[in-house]
Amino acid sequence: MTSSKEYGSNSWELIVTVDHQYEEEQKEFTLRVSGDLHIGGVMLKLVEQINLSRDWSDYALWWEQKKCWLLKTHWTLDKCGVQADAKLLFTLQHKMLRLCLPNMKTVRLKVSFSSVVFKAVSDICKTLNIRRSEELSLLKQSEDTLKKKKKKDKNNKEPVIEDILNLYNSPVIAGSPASPGLFSKTMTPIYDPVNGTPVPSTMTWFSDSPLTAPNCSILAFSHPNCSPETLAEMYQPRTLADKAKLNAGWLDSSRSLMEQSVQEDDQLLLRFKYYTFFDLNPKYDAVRINQLYEQARWAILLEEIDCTEEEMLIFAALQYHLSKLSLSSEAQDFTHESEVDEVEAALSNLEVTLEGGKMDNILEDITDIPKLADNLRLFRPKKLTLKAFKQYWFVFKDTSVSYFKNKEAGHGEPIEKLNLKGCEVVPDVNVAGRKFGIKLLIPVADGMNEVYLRCDNENQYACWMAACVLAAKGKTMADSSYRPEVHKILSFLKMKNRTTSPQAVSDPESVGMKPERFVSPRYAKKYKSRQLAARILEAHQNVAQMPLVEAKLRFIQAWQSLPEFGLTYYIVRFKGSKKDDLLGISYNRLIRIDAATGDPITTWRFSSMKQWNVNWEIRQVAIEFDQNVSIAFTCLSADCKIVHEYIGGYIFLSTRSKDQNETLDEDLFHKLTGGRE
């Protein structure tokens, strides 16, 4: 019975359900509280009433109806808006989660369900020894992928036992007296926990990571490819619309897992979300480089990104080379510090970043912006005409290319001057056929002008292609990234070059090779197994001497060279349009793409963006650019918050510099990506 004194007071009954960690059934407790009681006081009352001696420090209150955590313990119930009808759950903030990594391995570890996803991913990456966590995020599997998985499980009569790496029960736990940590905070190697020898910094760089040497090996080294049968059963997007569906499941970085209906022991995908891989360093990034290589590999095998047959053979040759190296004991010997030194020497002029590396030896004193001048062939596509190239004298200066009738006319007025700033540059190359073309899509008022340039040889192509790539970003050949870009293009062409005659199929290397494991199912069907093996071995001759890490970096670099690289697609409806279009989001631009043909319609650079916002009522993204250009669209294949976060995320990542320390301005990230709902 409630006394009249209690009945007349401002107190009321609050029901709280307690989620016990080791008990299946949840228990309800009734507390008598008042509106001026703070959240910390409610938790104290609850723990006293439960009357169990245990560590409650990780427990917090979750409000079921509002789908939010009550983490501000100094706030009162009135300030939070909690009344007698509220359903509160007293539960652990850290719960188990299964994560499918880019290498398709599943790890099970404890993750904060109360922190925003940006912070949770940062903690996950710290556990897995992956630097630059801001480039990654968590993704829910698309329904098409899950349907295919269910169908496979239904057809498979034997139960599938999933191979899960459990990091929660790892013997190395931060802070335990037996293990003060593999590394000091200054990234200095201390010792190997297995054999006591000094450990190179390749292995791990966090002092509180639970990774032991075997676990690090699983994450830092590539493992044998899956069988062609398994590959064929995996979901492969057929159209750009299918690719758009894959990107619908990105979690909101500004909200917690629990707020996004993620349950304990659910499976999510950990993936590189933003395609700007900053400061890749073989000395510290063994896991990061391997996972990046694996994400690129699977994107190519599952045809999430398109490539030519010639390029597919290069990727297959590198995979074959890496599978051979990974099986050798030397490649996995962590104590070979010299291997890292060799790789660093080999990569001294190879900076695997989208912007190109800055190297001291090429920072010359340039007082005049360099220019290119040479004979090239030009073709402008028109309806009902043959593809006939005509030779002109071309001059490339600043970010523009002009062409003249001949070299003598080069001092007069050009036939036409093309401004390449903001254009799309697409390689049109077939090394075997000696075809070195550059396709330019130049933005104009009513869409894109298509222009084809044809070069005579590799060196000419590399110089002009690099100039076009930089000009599209608004940079000139005076920029320090020009020469590394030329070098990158030449090295990729060299890998494509067939220097040897096809090897005999009786070659012992081709026996048991199973070439179908290294190419997408579409290419595997095109050739007989022996033919494919011979072509892969032929391409392998150009990469056979590469060390392990350099081969992975070359694979990543070749992936970055593909025209579709870094484009994330969404189905949208532009304001004023009667049909759906595709929006491609890249690290430096937005592209409107025709959904029927896949052709780019218009490109907008982030560098010319003045502001962007979201009208949350009608879920419309509006963006303003220079020269009074403005666009607005609604997103049909995903929540508009995902698109908004992508744009803000890329702008946030562009603010990073090597002078900064490892700490990130998390507030700036949320300011740029959060929006105001």
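The notes below deal with the structure included here. Keep in mind that what you see is a predicted model, and the values were worked out from it rather than measured. (Residues numbered from 1 in each chain as written. Predicted model: local features only at pLDDT ≥ 70, side-chain atom pairs only at ≥ 80, totals over all residues. Heavy atoms only, no water.)

### Considerations on the sheet that holds strand E23 (residues 620–625)
- Reading across the sheet, the 7 strands line up as E21-E20-E19-E18-E24-E23-E22 and stay open at both edges, with antiparallel pairing between neighbours. The two strands at the open ends of the sheet, each matched to only one other strand, are strand E21 (600–605) and strand E22 (609–615). Each strand axis lies, on average, 30° off the axis of its neighbour in the sheet, ignoring direction.
- Alignment of E22 against E23, held across 6 bridges, turns out to be antiparallel. (Pairing = 2+ DSSP bridges. Helix = DSSP H or I, 4+ residues; strand = E, 2+ residues; numbered from the N terminus. Axes fitted to C-alpha atoms, helices over the stretch in contact; angles between N-to-C directions.)

### Regarding helix H4 (residues 117–128)
- When the terminal C-alpha atoms of H4 are compared, their 16 Å separation across 12 residues agrees well with the 16 Å that a helix rising 1.5 Å per residue should span.
- Within H4 the residues assigned to the buried category are Val117, Phe118, Ala120, Val121, Ile124, Cys125, Thr127 and Leu128. (Expected span 1.5 Å × (residues − 1). Buried < 20%, exposed > 50% of the residue type's maximum accessible area, 1.4 Å probe, protein only.)

### A look at the environment of Thr73
- The residue Thr73 is located in the loop between strand E4 (68–70) and helix H3 (77–80) in this model.
- Through-space distance from the C-alpha of Thr73 to that of Met43 is 8.8 Å; in sequence the pair is 30 residues apart.
- Apart from the residues within four sequence positions on either side, Thr73 is in contact with His38, Ile39, Gly40 and Met43. (Contact = heavy atoms within 4.5 Å.)

### Regarding the state of the cysteines
- Under the definition given, this model contains 0 disulfides.
- There is no disulfide at Cys463, and the cysteine sulfur nearest it, in Cys455, is 9.2 Å away.
- Assessed through its relative accessible area of 25%, Cys463 is described here as partly exposed.
- For Cys635, which is in no disulfide, the shortest distance to another cysteine sulfur is to Cys640 and amounts to 7.4 Å. (Disulfide = S-S within 2.5 Å.)

### With respect to the pairing of strand E15 (residues 424–430)
- By the bridge criterion, 7 bridges tie E15 to strand E16 (residues 435–444) in an arrangement that is antiparallel. Of the residues in E16, the one forming a bridge with Asp428 is Gly437.

### Focus on the sheet that holds strand E10 (residues 267–272)
- The 5 strands lie next to each other as E8-E10-E6-E7-E9, forming an open sheet whose pairing is mixed. Because the sheet does not close on itself, it has two edges, and the strands there are strand E8 (136–139) and strand E9 (164–166). Across the sheet, the axes of successive neighbouring strands diverge by a mean angle of 40°, strand direction being ignored.
- Where strand E6 (residues 94–100) meets E10, 3 bridges bridge the pair, whose relative direction is parallel. Bridge pairing in E10 places Arg98 opposite Gln267.
- Of the strands in this sheet, E6, strand E7 (106–112), E8 and E10 touch H4, which is tilted by about 110° from E8.

### Here we look at the nonpolar core
- With 114 residues, the main nonpolar core has Leu138, Leu257, Trp559, Tyr570 and Ile623 as its most contacted residues.
- Looking at this core element by element, the count peaks at 9 residues for helix H10 (residues 309–327).
- For Leu257, the contacting residues outside a window of four places in its chain are Leu97, Val111, Ser112, Phe113, Ser115, Val117, Leu138, Leu251, Val262 and Leu268.
- Counting residues in each nonpolar core, the second largest holds 37 residues, with Phe396, Val431, Val451 and Ala467 among its members. (Core = buried A, V, L, I, M, F, W, Y, C linked by side-chain atoms within 4.5 Å.)

### Considering unusual backbone geometry
- You will see that Asp265, though not glycine, has its phi angle at about 70°, which is positive.
- Within the element layout of this structure, Asp265 appears in the loop between helix H8 (240–246) and E10.
- By relative accessible area, Asp265 is classed as partly exposed at 28%.
- One non-glycine residue, Arg619, adopts positive backbone phi at about 55°.

### Some words on helix H2 (residues 39–50)
- For H2, spanning 12 residues, the distance from its first C-alpha to its last is 17 Å, which sits close to the expected 16 Å at 1.5 Å a residue.
- On its buried face, H2 is in contact with strand E1 (12–18), strand E2 (27–33), strand E3 (59–63), E4, H3 and strand E5 (88–92).
- Asn51 lies just past H2 and shows a positive phi near 60°.

The analysis is restricted to geometry; functional conclusions fall outside its scope.
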